[in-house]
Protein chains: 2
Amino acid sequence: MDNSSLDFQLAEFLPYRLAVVAEHLSLGMSRRYRADYDISIAEWRVLVNVADRGAVSVRDIEREVHLEKSKASRAASKLEARGLVTKETNTDDRRLVVLMLTDAGRDLMIELKRIASEYQTRLETLLAEDLTGLNTAIDKLLAEDF
Amino acid sequence: MDNSSLDFQLAEFLPYRLAVVAEHLSLGMSRRYRADYDISIAEWRVLVNVADRGAVSVRDIEREVHLEKSKASRAASKLEARGLVTKETNTDDRRLVVLMLTDAGRDLMIELKRIASEYQTRLETLLAEDLTGLNTAIDKLLAEDF
DNA sequence: GAGAATTCATTTCATTTGCAATGAATAATG
DNA sequence: CATTATTCATTGCAAATGAAATGAATTCTC
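Residues numbered from 1 in each chain as written. Chains lettered and ligands numbered in written order. Predicted model: local features only at pLDDT ≥ 70, side-chain atom pairs only at ≥ 80, totals over all residues.

*Asks:* Describe the nonpolar core, naming the residues involved and giving the relevant values.
*Replies:* Of all hydrophobic cores here, the largest spans 81 residues; its most connected members are Leu 18 and Leu 47 of chain A together with Leu 18 and Leu 47 of chain B. Dropping the residues within four chain positions of it, Leu 47 of chain B is found in contact with Leu 79, Leu 84, Gly 105, Met 109 and Leu 112 of chain B. (Core = buried A, V, L, I, M, F, W, Y, C linked by C-beta atoms within 7 Å. Buried ≥ 20, exposed ≤ 12 C-beta atoms within 10 Å, placed from the backbone. Contact = placed C-beta atoms within 7 Å.)

Here you go:
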């Protein structure tokens, strides 16, 4: 059969392959985070950013960890409600919010970071000599405008 | 400052990196597909599968192109409503649906496949010697259970 | 071959998402 | 320095999502 001239295989199409593998890895993470700690991926990203930088605004999160501002805002509110971060208004610029970890948040982050590091190590071990290629490929793709 | 012992960088965390790059590439595709043809990614995956295999069920799609069955079902209905595919019930097993391309669907697919192939070529050119590493990395990751 | 169990597609419903609107605060401009 | 424009965070709302329910059809089991 003709099959409409062009031979094109979705299974080899990079955007598709990356979407599938990204979902696969995210699920591996989020299953555990959700089951054991009830933390979504968005909340995890906010937490990591706050943990790293000490005091961040919603805008910072949006820029730093690829999280749409409404998503970042809602994640931050949930974390505040759970007592993992505090949310104050920046006194220098009162449009900005200042997110900081609470002690409970700090404790949780130690756990989450440990798990994430283990996961990362597992992935790097699995990938071995292909890790470099993967990383430079990702960097190249991210640098490009599509 | 102590920064909670463990040094962990989200920017180097593979699940995060892959999620970001996957979204980046998908956006490059879907922007054009949506703007020029009003086709979502789910619809695109259904179309490709139907185009490749001639006659498929919703279950086939779910298995072949990583699309949750409700998503596949809804995408198929939209495509039917737009006259791009036909939807009949399989006479051998009347639980199954038989999706097939219409002539209009076939015409559209020629266009979409052409665009996708161009995109793929652009990506492969950009990646050059890193393409192999990326591909084997993806395959390794997909083969693993997380 | 009757009854139970499974498979398939759709739909229902609660939740999530993302865009746009809002309103408050600051910055820019004439 | 008053007006306009911009930035920031939140919220409203319509659409998308996904898990479970539904119901029809088939397969399994006794």
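*Asks:* Now, about the protein's contact with DNA strand D: what can you tell me, with residues and values included?
*Replies:* Close to DNA strand D lie 19 residues; Ser 57, Arg 59, Ser 70 and Ser 73 of chain A together with Arg 94 of chain B are nearest. Looking at the surface near DNA strand D, the elements that each hand over two or more residues are α3 (58–64) and α4 (69–81) of chain A together with α4 (69–81) of chain B. Sort the elements by how many residues they give to the surface near DNA strand D and α4 of chain A lands first, with five residues. Per-class residue counts for the surface near DNA strand D are five nonpolar, four polar and ten charged. (Near = placed C-beta within 6 Å. Helix = DSSP H or I, 4+ residues; strand = E, 2+ residues; numbered from the N terminus. Nonpolar A, V, L, I, M, F, W, Y, C, P; charged D, E, K, R; others polar.)

*Asks:* A description of the relation of the copies chain B and chain A should follow, citing residues and the corresponding values.
*Replies:* Rotating chain B by 180 degrees about the axis while translating it 0.0 Å along that axis superimposes it on chain A, leaving an RMSD of 0.0 Å. Between the two chains, the operation in question is that of a two-fold axis. Both copies present the same face, since 100% of the interface residues in chain B are matched by interface residues at the equivalent positions in chain A. (Least-squares fit on C-alpha atoms with pLDDT ≥ 70 in both.)

*Asks:* Report on the interface of chain B and chain A, specifying residues and quantitative values.
*Replies:* Facing the 48 residues of chain B at the interface are 48 residues of chain A. Secondary-structure elements contributing two or more residues to the side of chain B that touches chain A are α1 (14–37), α2 (41–53), α5 (103–127) and α6 (130–143) of chain B. Element by element, the count of residues in the side of chain B that touches chain A is highest for α1 of chain B, at 14 residues. In terms of residue class, the side of chain B that touches chain A is made up of 29 nonpolar, eleven polar and eight charged.

*Asks:* So what's going on with α2 of chain B? Residues and values would help.
*Replies:* All names here are of chain B. Taking 1.5 Å of rise per residue, the 13 residues of α2 would be expected to cover 18 Å, and the 18 Å separating its terminal C-alpha atoms lies within 8% of that figure. Of all the residues in α2, the buried ones are Glu 43, Trp 44, Arg 45, Val 46, Leu 47, Val 48, Asn 49, Val 50 and Ala 51. Looking at the buried residues of α2, the elements they touch are α1, α3 (58–64), α4, β1 (85–89), β2 (97–101) and α5. Gly 54 sits one or two positions beyond α2 and adopts a positive phi of about 85 degrees. (Expected span 1.5 Å × (residues − 1).)

*Asks:* Talk me through the protein's contact with DNA strand C; I want residue IDs and the actual numbers.
*Replies:* Around DNA strand C, 19 residues are found, and the nearest of them are Arg 94 of chain A together with Ser 57, Arg 59, Ser 70 and Ser 73 of chain B. Elements represented by at least two residues in the surface near DNA strand C include exactly α4 of chain A together with α3 and α4 of chain B. Ranked by the residues each element gives to the surface near DNA strand C, the list is headed by α4 of chain B, at five residues. A class-by-class count of the residues in the surface near DNA strand C yields five nonpolar, four polar and ten charged.

*Asks:* Describe unusual backbone geometry, and please don't skip the residues or the numbers.
*Replies:* All names here are of chain A. Positive phi values are uncommon outside glycine, yet Asp 38 reaches one of about 50 degrees. One can find Asp 38 in the loop between α1 (14–37) and α2 (41–53). Of the residues examined, Asp 38 has 10 C-beta atoms within 10 Å and is grouped as exposed. In the Ramachandran plot, His 66 falls in the positive-phi region, its phi being about 50 degrees despite a non-glycine side chain. Along the chain, the position of His 66 falls in the loop between α3 and α4.

*Asks:* Describe helix α6 (residues 131–143) of chain A, with residues and values.
*Replies:* Along an α-helix, a turn takes 3.6 residues, which lines up residues three or four apart on a common side. Given a rise of 1.5 Å per residue, 13 residues ought to cover 18 Å, and the 18 Å separating the end C-alpha atoms of α6 of chain A matches this to within 8%. Contact partners of the buried residues in α6 of chain A: α5 (103–127) of chain A together with α1, α5 and α6 of chain B.

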